[in-house]
Amino acid sequence: MGEKEKLILNESVEAPANAVKNEANAKVPWYFASGFLLFWGLLFFAIVIPFFYRLPTALTMEDANKCEFIAERAYKKLYTLSNIGAKMLGSKENEIEAVQYLLKELNQIKEDSLKDYFDIDIDLSQVSGAFALKTSLRMYQGVQNIAVKLTPKNTTSESYLLVNSHFDSKPGTPSAGDAGFMIVTMLEVLRVIATTKQIIQHPVVFLFNGAEEGALEASHGFITHHKWASHCKAVVNLDAGGSGGREVLFQSGPDHPWLVKYYKRFIKYPFATTMAEEGFQSGTIPSDTDFRQFNMYGNLPGLDMAQCINGFVYHTKYDVIDIIPLASLQNTGDNILSLVRGLANATELYDTEAHKTGHAVFFDFLGLYFIHYSETIGICLNFCIAGVSLILVFVSMWRMSALSDLSISRIVHWFILVLIVQAISFVLGLALPIVVAYVFDNLELSMSYYSSPLLMIGLYVCPSLIGLSLPLTIYYNLQGNDKISTAYHLQLALHAQAVILALLTIGLTLFGLRSAYIFVIPLIFYVLSLAFNLLTTLHDRGYAWTGLLKASQIIPFLYSSYLFYFFVVVLTPMGGRSFSSSNPDLSIAFLSAAGTVLSFGFLIPLINTFRRPSIVIFTLFIIAALSMYLASSTQIGFPYRPKTNVQRVAYLQVRNIFYEYDGTVSKDESGYLFNFQDRREEKPLLGTNVNLTGLVSIKSKCEQHMMCGMPLYDSSYVLNRLQAKWLPRLEPIEPPALTTLEMLNKTVLNSTTVRFEFNLEGPPQMRLFIQPYEDVLISNWSFLGSYLETPLTPPLPYFISFNYGINSSPLNFFLECSKPNGDYNVPMLQLGVSRHYIGNEGDAQSVKFASSFPSFATLAQWPALYQRYIY
């Protein structure tokens, strides 16, 4: 051994001993500790936030000669489309005005197109059909689709790319964001492709569908009935859960990773994550898109993309064009134009089944770069990184043993102890924010961050940091081990964090979750820094290794905080429409905690490299306490603000009429049926001008009557019925039309079966509840047969939703009931009919009642007539 090597070895052996003697002096002064955390906070606000909201420069009409997506042109079209107003299925605005406007724009594009390069076919169709969705049957009649086929000249391809969005809306919203934004994006993308000489290989079908908001009816009608549907091989579905900002890719495939490859190649401003895909498909997000219909009924793979920023205005009257920046249209337009062109030249469209090779793992980094790989590669990568991390942790402990003149078993013994402490820290980091959320909910202070998101830092992030740091700090203050240095002990804590992430990675990968990649990212960079430190003497030189560790955690910190900030931004407004039975604070607290643990897991233990680390913990306590005070005792914690962060109040102006078997009326009541959309229910309204005296739960009605004896509008009303509330009204509500269900015939088919035939007329939105008595079986009917075979789950009856568009023909249907004893002169079934007059303000008293609500409330209400019959 040379003199140089001996000198290095001697220095390495002496380093731990010197570290033990001088570690107190090596620690950084305490006043730098808060600056350490402040640095990471500034990194988040200086990099993550700007990149999250970053948008490109919008092109104006002055740039029209560039043959690119022109945001200003799309914006002008959005102005006209949104000014039509609410476009409910069956309304004049949706069925006539919106359709005529879109046809006008499409015919102009056809006129301006390069006819030597493209053929354009415009097809306006009406379609009727039915499908089962969850526990209900969705029937639709005369809904309209505008399909435009752009075919390149001389093409031989019969494989089409489908691009879809919807122009209809929820009640009372101009729907500039959902999904007028995507409709005008499609118009402009079609215009650019049709007027430029850039060749595409496959025909592209642009579907402007007129019925999504009810129950995805128009997309079902297209994919099951349209003449072009069988040629469509892949779909790009465009929707919205917000207004403005960037569009996110939140569903892909399934089982077609080549689509993600094209996304990476052609998208200019990527924004995507596998975690969003798995979260959406798990059903935890209260929403659905047309992508479901194309995939389920057409077996189409594709990409599902949506606006997701500012979900506070989603499905409200404040979803207006004024809040949408031009740059947002440019961002989405550039992306969709490039993607459609790319997919329209994809060779995979010729035979998509041949490329069905499993799922993909994908995510973007700050919108700058998109990463994707197959699920198989992801599994191998996860196991390899986890395995390497465990090996390097053992090598590090062996190195500590060798240089500290201690047995490896002693080092492992201390490591196990530190692992237990770190596991406690990990659990507390996740649990403390959830405890805060639970306590605030019990104090009826949920959603206090709804209008003041910075409160989340004190309510959830700081408690998480306290949980992460407190056990370890106490341990280091109490442990009296002077055999190895505190620097070595601190490394053991970080190794413990690595072991926890490695075990989580292995476990989630075995469970089949592709989202396990979120644990791999910080683990990879920790492994790299640890490997470098082991290859040098930094590993054994006091706290010298911390510099490289801090640098290595910058990218994981940026990504983890960026990812979980995205989920918090998306899910926070969803808490305002997740209904009163769920506590949205728990999910927000958990996401905040998970983001904090992943972002700071390898960083927060480093406060122990400073003198008096308790100062940091005390500072976190102060911030948390101050935030809790502001959230609970000041107006800052009140969730709602006019126009920007409104409380959603959904109720029906109800007239209930119960007809008995002999035709007599046993009940005729009027009132307001409230289906409160968030956790706070009516409490914020108390003390305002609205009079809610007499408001009661309908639980007792649900125990007595089929479907609570109420005109439950949709699945949200049905699922939340036990939390719904009833405000009686003395003066009868006058519905716009007082019509009845007409029984046309009652025919005995045989000794055990009788047929009832009915005629139903009414507004575009009607509902049927059918419940046979115990000894009666509905053996046949005119509705979808497969739904009849679905077993009833009492107390729920058969629930049939019937919506119509341009065709208002009456619904004629029959029911065949079987009864073993053949006695048909007794009650056999209950049939409830509800008619919803959406868009009608109601009678004078209802209008006065609606006007009494405070400015922070936005209403979704209309008259509804419910009639219960017994046959």
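Everything numeric in this text was worked out from a predicted model, so none of it was measured. (Residues numbered from 1 in each chain as written. Predicted model: local features only at pLDDT ≥ 70, side-chain atom pairs only at ≥ 80, totals over all residues. Heavy atoms only, no water.)

A.B. asks: Just to check I follow, could you spell out the overall build of the protein for this structure?
C.D. replies: Of the regular secondary structure elements, the protein holds 23 helices and 21 strands. Relative to the 2.2 N^0.38 estimate, which gives 29 Å for 871 residues, the radius of gyration of the protein is 31 Å and therefore close to what a compact globule would have. The dimensions of the protein, computed from C-alpha atoms along their principal axes, are 105 × 70 × 55 Å. Put simply, the protein has 871 residues, and 60% of those count as buried. Taking contacts inside the protein between residues at least 6 apart in sequence as the whole, the part at least 24 apart equals 82%. A distance of 6 Å separates the average location of the 61 positive side-chain charges in the protein from that of its 69 negative side-chain charges. (Helix = DSSP H or I, 4+ residues; strand = E, 2+ residues; numbered from the N terminus. Rg over C-alpha atoms; globule rule 2.2 N^0.38 Å. Buried < 20%, exposed > 50% of the residue type's maximum accessible area, 1.4 Å probe, protein only. Contact = heavy atoms within 4.5 Å. Lys, Arg positive; Asp, Glu negative; His and termini not counted. Charge placed at Lys NZ, Arg CZ, Asp CG, Glu CD.)

A.B. asks: Would you mind showing me how to read the sheet that holds strand β14 (residues 742-748) here?
C.D. replies: Strand-to-strand pairing in sheets goes through backbone hydrogen bonds, with the strands running parallel or antiparallel. A sheet is described by the order of its strands in space; here four strands give the open sequence β14-β15-β19-β17, paired in antiparallel fashion. Bordering the open sheet on either side are β14 and β17 (777-781), each of which pairs with just one other strand. The mean angle between the axes of side-by-side strands here comes to 25°, regardless of whether they run parallel or antiparallel. Sheet topology places strand β15 (residues 753-760) next to strand β19 (residues 811-818); eight bridges connect them, and they run antiparallel. Bridge pairing in β19 links Glu-757 to Phe-814. (Pairing = 2+ DSSP bridges. Axes fitted to C-alpha atoms, helices over the stretch in contact; angles between N-to-C directions.)

A.B. asks: Any chance you could explain helix α9 (residues 291-298) here in plain terms?
C.D. replies: Helical geometry note: an α-helix holds 3.6 residues per turn, so side chains three or four residues apart project in the same direction. Along α9, the residues classified as buried are Phe-291, Gln-293 and Phe-294. Note on α9: the residue one or two positions beyond its end, Asn-299, has a positive phi of about 55°.

A.B. asks: Before we go on, may I ask you to explain the packing of aromatic side chains in this structure?
C.D. replies: What describes a pair of aromatic rings is the distance from one ring centre to the other and the angle between the planes of the rings. Counted according to the given criterion, the structure contains 57 aromatic pairs. With a centroid separation of 5.1 Å and 80° between ring planes, the pair formed by Phe-44 and Phe-45 is classed as edge-to-face. Classification of Phe-44 by relative accessible area gives buried; the value is 16%. With a relative accessible area of 42%, Phe-45 lands in the partly exposed category. (Phe/Tyr/Trp six-rings, centres within 6.5 Å; stacked < 30°, edge-to-face > 60°.)

A.B. asks: Honestly, the state of the cysteines in this entry has me stumped. Any pointers?
C.D. replies: In protein structure, a disulfide is the covalent linkage between the sulfur atoms of two cysteines. Tallied over the full model, the rule gives one disulfide. In this model Cys-702 forms its disulfide with Cys-708; the gap between the sulfur atoms is 2.0 Å. Its S-S torsion of approximately 95° makes the covalent link between Cys-702 and Cys-708 right-handed. Left unpaired, Cys-380 is separated from the closest cysteine sulfur, that of Cys-384, by 6.3 Å. (Disulfide = S-S within 2.5 Å.)

A.B. asks: Even after reading the chapter, I still don't get the pairing of strand β7 (residues 302-307), so can you show me in this structure?
C.D. replies: Along any regular strand, the residues point their side chains to alternate faces of the sheet. A large share of β7 lies buried, amounting to six of its six residues. Strand direction decides the pairing type here: strand β5 (residues 232-240) and β7, joined by six bridges, are parallel. From the neighbouring strand, Asp-239 faces β7, where its bridge partner is Ala-306. Pairing geometry for strand β6 (residues 247-253) and β7, over six bridges, is antiparallel. Residue Ser-252 lies in a different strand from β7, and its bridge partner there is Leu-303.

A.B. asks: Please explain the pairing of β14 as it appears in this structure.
C.D. replies: Strand direction decides the pairing type here: β14 and β15, joined by six bridges, are antiparallel. If you follow Asn-745 over to β15, its bridge partner there is Glu-757. Between β14 and β15, which pair antiparallel in sequence order, lie four residues.

A.B. asks: How do you make sense of the environment of Pro-463 when you look at a structure like this?
C.D. replies: Along the chain, Pro-463 falls in helix α13 (residues 455-478). Overall, Pro-463 belongs to the buried group, its relative accessible area being 5%. Remark: the alpha-carbon pair of Pro-463 and Ser-697, spanning 234 residues in sequence, is separated by 36 Å. Every residue in contact with Pro-463, bar those within four places of it in the chain, is listed here: Leu-432, Pro-433, Val-436, Ile-457, Gly-458, Ala-624 and Met-628.

A.B. asks: Explain the side chain of Asn-533 to me, please; I cannot follow it from the model alone.
C.D. replies: Inspection of the secondary structure puts Asn-533 in helix α15 (residues 517-535). A relative accessible area of 4% places Asn-533 in the buried class. Contact partners of Asn-533, with chain neighbours within four places excluded, come to Leu-538, His-539, Trp-545 and Leu-548.

A.B. asks: Please explain the environment of Val-143 as it appears in this structure.
C.D. replies: Tracing the chain through its elements places Val-143 in strand β2 (residues 136-152). Sequence separation between Val-143 and Ser-128 is 15 residues, and the spatial gap between their C-alpha atoms is 6.7 Å. Setting aside anything within four residues of it in sequence, one finds Val-143 in contact with Leu-89, Ser-125, Gln-126, Val-127, Ala-211, Ala-218 and Gly-805.

A.B. asks: Help me understand unusual backbone geometry in this model?
C.D. replies: Peptide bonds are trans in most cases, and residues, glycine excluded, mostly fall at negative phi. Of note, the bond from Asp-178 into Ala-179 is cis; its omega dihedral lies within 30 degrees of zero at -5°. Of note, Ala-179 is situated in helix α5 (residues 176-194). Backbone geometry at Ser-175 places phi at a positive 55°, although glycine is not the residue there. A positive phi angle is found at Asn-310, which is not glycine, with a value near 60°. Here Asn-310 shows up in the loop between β7 and α10 (326-343). Assessed through its relative accessible area of 24%, Asn-310 is described here as partly exposed.

A.B. asks: Is there a simple way to explain α10 in this structure?
C.D. replies: End to end, α10 covers 26 Å across 18 residues, agreeing with the expected 26 Å (1.5 Å per residue, within 8%). Judged by how many residues are buried, α10 sits mostly within the fold: 17 of 18 residues are covered. (Expected span 1.5 Å × (residues − 1).)

A.B. asks: Before we go on, may I ask you to explain the pattern of salt bridges in this structure?
C.D. replies: Once their charged atoms are close, side chains differing in charge can pair, the charge on each being opposite to the other. Here the structure, examined in full by the defined rule, presents 21 salt bridges. Among the ionic pairs, Arg-191 bridges to Glu-188, the shortest N-O distance being 2.8 Å. Taken together, the residues Arg-191 and Glu-188, both in helix α5 and three residues apart, mark about one turn of the helix. Each member of the pair, Arg-191 as well as Glu-188, carries the same accessibility label: buried. (Salt bridge = Lys/Arg side-chain N within 4 Å of Asp/Glu carboxyl O.)

A.B. asks: What exactly am I supposed to notice about the side chain of Lys-149 here?
C.D. replies: If you trace the backbone, Lys-149 turns up in strand β2. There is no salt bridge for the buried Lys-149, and the closest opposite charge comes from Asp-121, which lies 4.2 Å off by N-O distance. A polar atom in the side chain of Lys-149 sits 3.5 Å from the side chain of Tyr-160. Contacts of Lys-149, omitting those with residues within four sequence positions, involve Asp-119, Ile-120, Asp-121, Tyr-160, Pro-203, Val-204, Val-205 and Trp-228. (Polar contact = N/O pair within 3.5 Å; in protein donor to acceptor, adjacent residues only side chain to side chain.)

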